[in-house]
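Examination of the molecular architecture
Each chain, letter by letter, is given below.
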Amino acid sequence: MNPSEPLQVDVAIVGTGQAAPSLAVALAGDGETVALIEGHLVGGTCVNTGCTPTKTLRKSARVAHMARRAAEFGVRLGSVEIDFAAAMARMQARADSARSGLEEWLAGQARLHLIRGWGRFNGVDEEGGFSLQAGDRQVVARRVYLNTGTRPVVPTITGLDTVPFLDNVSLLQLRSLPRHLVILGGSYIGLEMGQIFRRLGSEVSIVETGPRITGREDADVSEAIRLMLVDEGIAIHCGQPVDSVAPRGSGGEGVRLRVGGRDIEGSHLLVATGRQPNTERLDLEKVGVKVDGRDYVPTDGQLRTNVPGIWALGDINKRGAFTHTSYHDHEIVLANHRREKQGSGAALRSADDRTMAYAMFTDPPLGRVGIGEAEARALVAKGRKVLMATHAMADVSRAKEESETTGLIKLLVDGGDGRFLGAAVFGIQGDEVIQVISNFMATGASYQVLKDALPVHPTVAEFLPTVLGKLKPLEA
């Protein structure tokens, strides 16, 4: 292959997030030539700075937490000491292993070219192919899939540029434990990392400018999460703007936030106030791909952009900023491509048909699917009949047996056809239990089927029929 000549392929995939590697391998296995373009680390956020390292570190934090509670279970230990550097080394080794395994898998695929370099469009060639530049390589492809992910948002706050603040990437590069970690942002990343670092020995303060943490969740769920974190010694400040940020002390060590007229000080600042799409370097205007006001790429249900032959997958299409939605995107476009290629006439799969499910991996975790109570009440106000039931984790046998009684289960059901509308499971194994409901929702069956099914004892999920037996009409 002459690197000075354009690489002619059937498919170019820009970015190696969770949709890209499996899509590339599948298409190459189907006999197509594929250029997989990556400008940084193969595997994207999940493998390198997201799910893989943070859940690995979460385990270290949970072990420390349970060691401190050992006496509750009749186990006597000495003082619990944290080797922060060792915990971080374990985390990094897991991420490195995941990435190297992915790279080896890709390297062993025929007809698949992994090209290192930031991908961007040059335009459309004379024959209608899309021309892209990846580093010093030019690629021409008949179809293009974009899977470039997101990065942290840096808010506009007076003085923020005067302190060496952390984001989700640089936080994981620390090898010395922060004495006092101040977190700006009371949503999922901020709460997960706040709990982890508190359990590893840091003081932690969380600053949320909105009225409560996890603002998209129901108020009772947010309050249960807040109480759990406060009980672990985390300070939470909500409902006041951040007026300014400044270095603390004459030596510039540490940070001081002016929040609602008072100071909050710490040794380190983590900014976790949201994400923005990595689309500005793609030169989308050269091929006419449209973006919205926040630079996300709108798509139809088949994940097609406004330009035929170009698809947007994963976080940048604003259809769910999760690893699992990105991977599901690849399954949709792959299935549709194969159906169209075979001319089977089968209906195309659509992202519009899926019900959003996700989890927040605090300990215990929050599992969520479908709508919440506030949305359900809005439906009731429009004349829809909705049933709701809640059940405290403190009344779940398995939770009591394991002394993990924090949280609640909330189920929402259509009062007409009996289908699930949504659910929240905050508590022990909530991330797993929610999938019982999300998978059941995909069947379209009435809740009565699940209520009458035989559960396994002793589990958390066995209480779902019990909770369903408590359903009552919801008022607006």
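Right above here is the structure, for reference.
Reference entry: report on the structure contained in this document. As the structure is a prediction and not an experimental result, all values here were calculated from the model. (Residues numbered from 1 in each chain as written. Predicted model: local features only at pLDDT ≥ 70, side-chain atom pairs only at ≥ 80, totals over all residues. Heavy atoms only, no water.)

1. Concerning the packing of helix α3 (residues 51-68) against helix α6 (residues 188-199)
Packed helix pairs are characterised by how far apart their axes lie and by the angle those axes make with each other. At their nearest, the axes of α3 and α6 sit 8 Å apart, and the two run at 45° to each other. Relative to α6, α3 is oriented oblique. As α3 packs across α6, the resulting crossing turns out to be left-handed. Across from Thr54, Lys55, Leu57, Arg58, Ala61, Arg62, Ala64, His65 and Arg68 in α3, the residues of α6 making contact are Glu192, Met193, Ile196, Phe197 and Arg199. Grouping the amino acids of the contact of α3 with α6 by side-chain chemistry returns six nonpolar, two polar and six charged. (Axes fitted to C-alpha atoms, helices over the stretch in contact; angles between N-to-C directions. Helix = DSSP H or I, 4+ residues; strand = E, 2+ residues; numbered from the N terminus. Parallel < 35°, antiparallel > 145°, perpendicular 65-115°, else oblique. Left-handed = near helix turned anticlockwise from the far one by under 90°. Contact = heavy atoms within 4.5 Å. Nonpolar A, V, L, I, M, F, W, Y, C, P; charged D, E, K, R; others polar.)

2. Notes on helix α8 (residues 323-342)
Relative to the 28 Å expected for 20 residues at 1.5 Å per residue, α8 spans 29 Å between its end C-alpha atoms, a close match to the ideal helical length. Restricting attention to buried positions, one finds in α8 the residues Thr325, Ser326, Asp329, His330, Ile332, Val333, Leu334, Ala335, Asn336 and His337. The elements touched by buried residues of α8 are α1 (20-29), β6 (137-146) and β16 (310-312). (Expected span 1.5 Å × (residues − 1). Buried < 20%, exposed > 50% of the residue type's maximum accessible area, 1.4 Å probe, protein only.)

3. Structural notes on the side chain of Thr279
For Thr279, the position within the fold is in the loop between β15 (275-277) and β16. A relative accessible area of 5% places Thr279 in the buried class. Among all residues touching Thr279, those that are not within four sequence positions of it are Leu284, Asp295, Val297 and Ile316.

Distances and angles like these do not, on their own, reveal function.
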